[in-house]
Amino acid sequence: MKKGVLLVNLGSPDSTETKDVRRYLKEFLTDPKVIDVWYVRNIILPLFILPSRPKKSAEAYRKIWWDEGSPLIVLTERLREKLQKKFDFPVEMAMRYGNPSIKSGLEKLKSQGCEDIFVIPLYPQYAMSTTETVIDKTNEVKDKYFTDLKLTYLPAFYNDPEYIKILAQSIKDHLPEEFDKVLFSYHGIPERHIYKTDKTNTCEIGKCCFKEDKPSHATCYRHQSYKVTELVRKELGLTNKQVFQSFQSRLGSDPWIQPYTDATLEGFPEKGVKKIAVVAPAFISDCLETLEELEMEGKEEFLEAGGEEFTYIPCLNDRDDLVEFLEHKVNDWMA
Ligand SMILES: C=CC1=C(C)c2cc3[nH]c(cc4nc(cc5[nH]c(cc1n2)c(C)c5CCC(=O)O)C(CCC(=O)O)=C4C)c(C)c3C=C
Ligand SMILES: [Fe+2]
Ligand SMILES: [Fe+2]
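The rules we used
- Residues numbered from 1 in each chain as written.
- Chains lettered and ligands numbered in written order.
- Predicted model: local features only at pLDDT ≥ 70, side-chain atom pairs only at ≥ 80, totals over all residues.
- Helix = DSSP H or I, 4+ residues; strand = E, 2+ residues; numbered from the N terminus.
- Buried ≥ 20, exposed ≤ 12 C-beta atoms within 10 Å, placed from the backbone.
- Contact = placed C-beta atoms within 7 Å.
- Pairing = 2+ DSSP bridges.
- Axes fitted to C-alpha atoms, helices over the stretch in contact; angles between N-to-C directions.
- UniProt positions renumbered as here; feature names shortened; annotations may be inferred.
- Near = placed C-beta within 6 Å.
- Nonpolar A, V, L, I, M, F, W, Y, C, P; charged D, E, K, R; others polar.
- Expected span 1.5 Å × (residues − 1).
- Arc of directions from axis to C-beta.
- Core = buried A, V, L, I, M, F, W, Y, C linked by C-beta atoms within 7 Å.
- Parallel < 35°, antiparallel > 145°, perpendicular 65-115°, else oblique.
- Left-handed = near helix turned anticlockwise from the far one by under 90°.

**Q** Kindly report on the environment of Ser246, identifying the contributing residues and their values.
**A** Turning to its location among the elements, Ser246 is positioned in strand E6 (residues 243–248). Take Ser246: there are 20 C-beta atoms within 10 Å of it, and that puts it in the buried class. Taking the C-alpha atoms as reference, Ser246 lies 5.0 Å from Thr261; in sequence the two are 15 residues apart. Beyond its immediate chain neighbours, meaning those up to four positions away, Ser246 contacts Leu183, Ser185, Pro259, Tyr260, Thr261 and Thr264.

Here's what the structure looks like:
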């Protein structure tokens, strides 16, 4: 069977026009794996979120948009091009929401004769709203249009020693000489999602996430985030006091996993934390949530609260060592 690889990232609107942002947000937020509460998805979303949020989000997208398009999509394409050079079979990329769609990605692979596909969701930590929905959607598209394809998925790789080394090296490459703390800011999720995906029914947010070797951690995004911070901290030889982790991008009023990044940034200066470096390890590619929410808004919040230096550490994007890591994962799949 001819092989092929499909990289999958989250996705962006087609442009910064409010109508395109609305279409993208509608597709994204009507996914029951993202907004899982029926009345929020079917009542609050159409009545309150979709009429107003797209205009605000479009303004934010305009601040970070590149001539070539959405940074998230451009960076994923650059990663694809580099990974393609490692193999003589096709490597394509797709977005879970928006374009290029997962259907178009599978179509491209099939039209080049591929039957055995390795799907790489570009998320280091597992979440229902990321890894799981990519798997569901890709399976759904296969069952509907491409029943003869064989699909294999790369699971979350948060604790892979090679990935941890690459992330640590990337932080080292950008870390200023003087800093008080490195803030690891992860995209947040509602607490409910963690309980929902815990097949062991033993997860207690806030109590168990730091512990080692609990079966519930296979699906605990909060644990997997803390694990990344801890492993990278050790790799960099930093003390516990030199790192902090928080969760960003909360939507709605339900409790999301804490502490929140905005409150953390505002609170740092009064605690004497004036020089910080910020890294966002839930994202492989820089995007709205890193370039606008952290590098622009987060920086402003921190400086206004009395902070002095804010260094944003870019995502791994298309770093050569990340390309090699993915090359190794593809090789492992083929072995
Ligand atoms: C990296 C992992 C991500 C998780 C987990 C995640 C969960 C999640 N997100 C929302 C709502 C929104 N997210 C938005 C943008 C966005 N989210 C991620 C990644 C994760 N989301 C990325 C990479 C991006 C940026 C996309 C880009 O085009 O650059 C947005 C849209 C922007 C906005 O209006 O703020 C929303 C909305 C929920 C509800 C959720 C978990 C339930
Ligand atoms: Fe998000
Ligand atoms: Fe946990």
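Once the structure has been displayed, the description carries forward.
**Q** Could you give an account of the sheet that holds strand E8 (residues 309–313), with specific residues and numbers?
**A** Hydrogen bonds between backbone groups are what pair the strands of a sheet, and the pairing can be parallel or antiparallel. Taken together, the four strands give an open sheet; going across it, the order is E6-E5-E7-E8, and neighbouring strands pair in parallel fashion. With partners counted over all chains shown, the strands left at the sheet margins are E6 and E8, one partner each. Each strand axis lies, on average, 25° off the axis of its neighbour in the sheet, ignoring direction. Direction of pairing for strand E5 (residues 181–187) relative to E6: parallel, over a ladder of six bridges. Bridge assignment links Tyr186 to a residue of E6, and that residue is Phe247. Here helix H8 (residues 221–236) sits on the sheet in contact with E5 and E6, set at roughly 155° to E6. With respect to the sheet, helix H10 (residues 288–304) is in contact with E5, E6, strand E7 (275–279) and E8, its orientation differing from that of E8 by roughly 170°.

**Q** I'd like a rundown of the sheet that holds strand E4 (residues 150–153), residues and numbers included.
**A** Ordered by their spatial adjacency, four strands build an open sheet running E2-E1-E3-E4, and the pairing between neighbours is parallel. The strands lining the two open edges of the sheet, one partner per strand, are strand E2 (91–95) and E4. Adjacent strand axes in the sheet meet at a mean angle of 25° when their direction is disregarded. Along the sheet face, helix H3 (residues 71–84) touches strand E1 (3–9) and E2 and points at about 165° away from the line of E2. Strand contacts of helix H11 (residues 320–334): E1, strand E3 (116–121) and E4, with the helix running at about 145° to E3, the strand carrying the most contacts.

**Q** Give a detailed account of the UniProt feature "binding site: Fe(2+)" (unreviewed entry) in the protein, specifying residues and quantitative values.
**A** Under the UniProt annotation, "binding site: Fe(2+)" (unreviewed entry) lies at His187 and Glu289. On the basis of their most widely separated C-alpha atoms, the annotated residues across 103 residues gather in one place, lying no more than 8.0 Å apart. Along the chain, His187 falls in strand E5. The class for His187 is buried, based on 27 C-beta atoms found within 10 Å. Ignoring sequence-local partners within four residues, the contact set of His187 consists of Gln248, Ser249, Ala282, Phe283 and Glu289. By the element assignment, Glu289 lies in helix H10. Among the residues examined, Glu289 registers 19 C-beta atoms within 10 Å and is labelled partly exposed. Not counting the four nearest positions on each side in its chain, Glu289 is found in contact with His187, Gln248, Ser249 and Phe283.

**Q** Could you give me a rundown of the site of ligand 1, with the residues and numbers involved?
**A** Close to ligand 1 lie 22 residues; Ser12, Ser57, His187, Cys287 and Leu288 are nearest. Mapped by element, the contributors of at least two residues to the shell around ligand 1 are helix H2 (38–64), helix H5 (128–145) and H10. Here the residues of the shell around ligand 1 sort into 13 nonpolar, seven polar and two charged.

**Q** Tell me about H11, and please be specific about residues and values.
**A** The terminal C-alpha atoms of H11 lie 21 Å apart, and with 15 residues this matches the ideal 21 Å at 1.5 Å per residue to within 8%. Along H11, the residues classified as buried are Leu322, Val323, Leu326 and Lys329. Each buried residue of H11 sits inside an arc of 120° when the element is viewed along its axis, so together they form one side. Opposite the buried face of H11, at more than 90 degrees from it, the exposed residues are Asp320, Asn331, Asp332 and Met334. Buried residues in H11 make contact with H3, E3 and helix H6 (161–174).

**Q** Explain the nonpolar core residue by residue, including any values.
**A** If you look at the biggest cluster of nonpolar residues, it comprises 82 residues, and the most contacted ones within it are Leu6, Leu7, Val8, Ile120, Ile276, Val278 and Val279. Other than its neighbours up to four places away in sequence, Ile120 contacts Val5, Leu6, Leu7, Val8, Leu154, Leu326 and Lys329.

**Q** Outline the packing of helix H4 (residues 102–111) against H5, listing residues and values.
**A** The geometry of H4 relative to H5 is characterised by a closest axis approach of 10 Å and an angle of 55° between their N-to-C directions. Taken together, H4 and H5 sit at an angle that is classed as oblique. Two packed elements cross with a definite hand, and for H4 against H5 that hand is right-handed. Contact residues: Ile102, Lys103 and Leu106 in H4; Lys137, Thr138, Val141, Lys142 and Tyr145 in H5. Its residues placed into classes, the contact of H4 with H5 shows four nonpolar, one polar and three charged.

**Q** Quick rundown of the packing of H2 against H10? Include the residues and the values.
**A** In the contact formed by H2 and H10, the axes pass within 9 Å of each other and the chain directions differ by 85°. Looking at the two axes, H2 sits roughly perpendicular to H10. From H2, Ala60, Tyr61, Lys63 and Ile64 reach across to H10, where they touch Leu288, Leu291, Glu292 and Met296. When the residues that make up the contact of H2 with H10 are grouped by side-chain class, the tally is six nonpolar, no polar and two charged.

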